[in-house]
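A closer look at the structure
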Amino acid sequence: MKLGTYDKCLSSFPRVEFAVSAYEVVVDLDPNADGYFASHSQCCRVSGVLNMNSNTVGISYWVKIPGSSTNPFAPDNSSATFLKKDTILVCVNSPMQLDFSAVDQDKDSLVYSFAPGYIGAGPPPNQLPLQSDAPPYTTVSYFGGFSFNQPFGNNSAQINSKTGIVTGRSPAVTGIYLLAVRVEEYRNGIKISEHQKEFQVKVENCSIAAAELKPQYISCDGFTLTFENESTSPSINGYLWNFGDGATSVSTLPTPTHTYKDTGTYVLKLLVTSTGGCQDSTTSIVKVYPTFKTDFSVTGSCVLNNYTFKDLTASKYGIVNSWRWNFGDAGSNADSATTKDTVWKYSGAQNATVTLISTNNKGCSDTLTKQIAILDKPQINLPFKDTLICSNDTLPLKAIISSTATISWTPNNTANKLRITGTNTANPIAFPNDSTKYYVTVNDNGCNATDSVMVNVLQFIKVDLKTDSTICRGDSFALAPTSFALSYLWRSSSGDVVDPVKNPIVKPLSNTEYFVTANLGQCQDKDSILIKVVATPAVTATPDTTLCFGATLPLQASISASKFTWSPTSSLTGFNSLRPVAKPVNSTNYVIAVSDTLGCPKIVTDTIRVTVVPRIIPNAGNDTIAVIGKPMQLGASGGLSYLWTPSTFLNNPLIANPIFMGAAGTDSVVYTVRVFTQAGCYAEDNVTVTIFNGISNIWVPSGFTPNKDGKNDILRPITKGIKQLIHFNVFNRWGQIIYTTNRIGEGWDGTYKNELQPNGAYVYEAVGIDYADKKVYTKGTSVIIR
């Protein structure tokens, strides 16, 4: 079977073809009570199925023919027959609709559901069934997050139990997936038969230029929504949105954002156009009902009593119509409720995460989560737990507790029992003669808790500002009195205002005396301190500069201090003075640090950055030979500008590559080139130019003594005016070449193949090219003498 008609909105047209085989046999069966199973098992399945292991198991087909014990209408019944609508195309990650409907000639009621596949014969060579032909049959194993009722994973496929139509979204990965559907047959409310169909769905790499929207869009927190086409087809190139709130309320963007002017329910329309001109449209519902927010309150005393939860959800539009509570009780699996307000008794003290999900009749939904401390006893919040008072003072005590709780205060000694009023209130007044601990006890619906406040009573107080101090001008100073006082009043000799705290920060500009009055209730003491202000050391160094490599630089600094140091000192001479001389190899930061001995401990620094120009590597080139009458170019490198001296015979002494012209009567010239950098630094190099006067020759000594005494050990040609040695060959008495070279300066050491050659005469031959490009030839004999 082959798919002949394709949707014109497809991005591509994969080939869809199925091979269909029919096996028919006629068997006469006697009616009985148990009925029959007709089954067929075979090997093998299509390999590479993505939601089950199809490579090692076959397949079994079966149908149940019920007997009279389960079908009171037997044998008068025909099984439902699936329609053959298998030549379908399923595109990857796209909306799909698969028809698994069946017909029944008896007009019985049919109910559809997903079903598992069944294994059959094993792989070759045996191909034997892995189970008997008798039911029950063994189902295949699914993997990778798939199952028979989620054949495409993630609840992406659903089946209509009345029609057998499978809808949803196809998988996001191309390949083959096993899908099985069971149809059950009912007559007069009694199930009388069932039948099953397996199908390997092939998901192709294609897409449909479709308009696809969510069933509805709801905004419960504003008027602005963003929309997008749920179809991911790349062939869509045109969009037309109509937001449903006016004729001009349209957009051609792929993902438009629209702000509705008012609340209400609107019809959203989308028309898409593909690159081939195919169009598709769809609609959806948009509900705009903002100002919906979930909230709730929690009250409770301790784990012994119920905690009360009250819904505070705000819904400006619509009526709150559902609540789903989760009380987060770690010791219970039934800690939930669906009423508006509710109570819950926790299994133990804990930090519970309470969640409320509420909705309204407009479709809005919101979630709120709160962390609630479930206490084993009531909370007592004390602003202070340890304090001081003077012996003549009174002290208001305070406890913050639940409004439903009762409270009582008790001193730890009977002498002060009468020196407290309001013992059954949260704010009693205490006036003890000596240090006393007050116990506070709270009872909240049977939950009890106890805490305490220690009141230390002093007969007098002292305040001590310690000795006078010295600071640097411009610095701040923290006044730090030692005292048990609880309030402080300050004044200064300069008239500056000082904060009335225990440790105020001051910044005097000159010598200033500070006075403090310290109080603990009616107990009081006074003290003062003189803060001396001295100047901060100062230093100014010469500006940053640039220095040539190898040069020296005098540094200089002026100071207002009694001590100074330079660093680093490794490249400084005279670093114990304010004018040292620097000779750095690399770029260096020279830091001068000054300090004073007059009471300001600060160290002040200044820095001179000396940037060293990298060392210049001048190169005038190798010594060379020039031929009279033939211009020769010199070449220097290493800088930006050049100066050649002497300028004799040069066409331009101020460039890197001047032309040497030469002159008769001159044997050689030594040139010095000075190479400059952009910073003006320079270095020099020399080159010798020997002038070739037209006389060239090759001489070879008539004898040599290769005895390794360092004297006359090598037989080498001596050249004059030769620019290239073609070869220098040495022959033995049989005319065999026993040494050869083409490098000027190399020669024969009197050996052949690492063996010493005997004393005697040897023939040599030398050929070279002089600077006039003429060939020079010489031949003769030389004697080895050992």
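Here the structure is shown first, and the text comes after it.
Cut-offs and rules
Residues numbered from 1 in each chain as written. Predicted model: local features only at pLDDT ≥ 70, side-chain atom pairs only at ≥ 80, totals over all residues. Heavy atoms only, no water. Helix = DSSP H or I, 4+ residues; strand = E, 2+ residues; numbered from the N terminus. Buried < 20%, exposed > 50% of the residue type's maximum accessible area, 1.4 Å probe, protein only. Contact = heavy atoms within 4.5 Å. Lys, Arg positive; Asp, Glu negative; His and termini not counted. Charge placed at Lys NZ, Arg CZ, Asp CG, Glu CD. Disulfide = S-S within 2.5 Å. Pairing = 2+ DSSP bridges. Phe/Tyr/Trp six-rings, centres within 6.5 Å; stacked < 30°, edge-to-face > 60°. Patch = residues over 30% accessible without salt bridge, like charges linked within 9 Å, V, L, I, M, F, W, Y side chains within 5 Å. Areas by Shrake-Rupley, 256 points an atom, 1.4 Å probe, with all protein chains shown as cover. Salt bridge = Lys/Arg side-chain N within 4 Å of Asp/Glu carboxyl O. Polar contact = N/O pair within 3.5 Å; in protein donor to acceptor, adjacent residues only side chain to side chain.

**Considerations on the overall build of the chain**
- The helix and strand inventory of the chain stands at zero helices and 66 strands.
- Overall, the chain is about 135 × 115 × 65 Å in size when its C-alpha atoms are taken along their principal axes.
- Within the chain, the proportion of its 786 residues that are buried is 39%.
- Look at the contacts in the chain between residues 6 or more apart in sequence, and 59% of them connect residues 24 or more apart.
- Put simply, the chain has 61 plus and 60 minus side-chain charges, and the middle of one group is 9 Å from the middle of the other.

**A word on the state of the cysteines**
- Inspection of every chain in the model, using the stated rule, returns six disulfides.
- Disulfide partner of C220: C364, at an S-S distance of 1.9 Å. Taking the sign of the torsion about the S-S bond as the criterion, the disulfide between C220 and C364, at about -100°, is left-handed. Here C220, found in the loop between β12 (216-219) and β13 (224-226), pairs with C364, found in the loop between β26 (350-360) and β27 (365-374); they are 144 residues apart in sequence, far enough to count as distant. For the pair C220 and C364, one class covers both residues: buried.

**A short note on the sheet that holds strand β29 (residues 395-396)**
- What the three strands build is an open sheet, ordered β29-β32-β31; its pairing is antiparallel. Among the strands making up the open sheet, the edge pair consists of β29 and β31 (420-421).
- Pairing of β29 with strand β32 (residues 429-430) involves two bridges; the strand directions are antiparallel. What sits directly across from L395, in β32, is A430.

**Details of the sheet that holds strand β23 (residues 320-326)**
- Strand order in this open sheet of four strands is β24-β23-β26-β27, and the pairing throughout is antiparallel. Each end of this open sheet is capped by a strand with a single partner; those strands are β24 (336-337) and β27.
- Direction of pairing for β23 relative to β24: antiparallel, over a ladder of two bridges. Bridging from a neighbouring strand, W325 pairs with A337 of β24.

**Some thoughts on the packing of aromatic side chains**
- Here the structure, examined in full by the defined rule, presents 23 aromatic pairs.
- Here the aromatic rings of Y217 and F227 are separated by 5.2 Å at their centres, their planes lie at 80°, and the arrangement is edge-to-face. Taken together, the positions of Y217 in strand β12 and F227 in the loop between β13 and β14 (236-242) put the pair 10 residues apart, joining distant regions of the chain.
- A residue is classified by how much of its surface remains accessible, and Y217, at 9% relative accessible area, is buried.

**What to know about unusual backbone geometry**
- In this chain, S567 is followed by P568 through a cis amide linkage whose omega measures -5°.
- Here the phi dihedral of T291 falls at roughly 65°; this positive angle occurs in a residue that is not glycine.
- Along the chain, the position of T291 falls in the loop between β18 (279-288) and β19 (292-293).
- In this structure T291 comes out as partly exposed when scored by relative accessible area, which is 46%.

**A word on a nonpolar patch on the surface**
- Together, V25, V27, L29 and I65 line one region of the surface with nonpolar side chains, adding up to about 370 Å² of accessible area.
- Along the chain, V25 turns up in the segment before β1 (35-42).
- The exposure class assigned to V25 is exposed, which follows from its relative accessible area of 69%.

**Thoughts on the pattern of salt bridges**
- Scanning the model with the defined rule gives 16 salt bridges in all.
- The closest approach of N and O atoms between R187 and D106, which form a salt bridge, is 3.6 Å. Residue R187 is located in strand β10 (residues 175-187), and its partner D106 is located in the loop between β6 (102-103) and β7 (109-114); the two are separated by 81 residues in the primary sequence.
- R187 sits in the buried class, given a relative accessible area of 17%.
- A relative accessible area of 28% means that D106 is categorised as partly exposed.

**A closer look at the environment of H727**
- Position of H727 among the secondary structure elements: in strand β61 (residues 722-731).
- The spacing of H727 and V767 is 40 residues in sequence and 5.6 Å in space, taken between C-alpha atoms.
- In this structure, H727 is in contact with T740, T741, N742, E765, A766 and V767, ignoring residues within four places of it in sequence.
- Of the polar contacts made by the side chain of H727, one reaches the side chain of E765; its length is 3.0 Å.

**Focus: the side chain of D713**
- With respect to the secondary-structure elements, D713 resides in the loop between β59 (703-704) and β60 (718-720).
- For the buried residue D713, which engages in no salt bridge, the nearest side chain bearing the opposite charge is R786, 8.5 Å off.
- For D713, the side chain forms a polar contact with the main-chain nitrogen of D709, separated by 3.2 Å.
- Among all residues touching D713, those that are not within four sequence positions of it are F704, T705, P706, N707, K708, W748 and D749.

**With respect to the side chain of D108**
- Relative to the helices and strands, D108 resides in the loop between β6 and β7.
- In this structure D108 comes out as buried when scored by relative accessible area, which is 10%.
- Contacts of D108, omitting those with residues within four sequence positions, involve N77, E185, Y186, R187 and I192.

**Structural notes on the environment of L634**
- The topology assignment puts L634 in the loop between β53 (632-633) and β54 (641-645).
- Taking relative accessible area as the criterion, L634 reaches 6% and is therefore assigned buried.
- Taking the C-alpha atoms as reference points, L634 and T751, separated by 117 residues in sequence, lie 41 Å from one another.

**Some thoughts on the environment of F484**
- Within the secondary structure, F484 sits in the loop between β38 (482-483) and β39 (487-492).
- The exposure class of F484 is exposed, given its relative accessible area of 56%.
- It is 7.3 Å that separates the C-alpha atoms of F484 and L520, two residues lying 36 residues apart in sequence.

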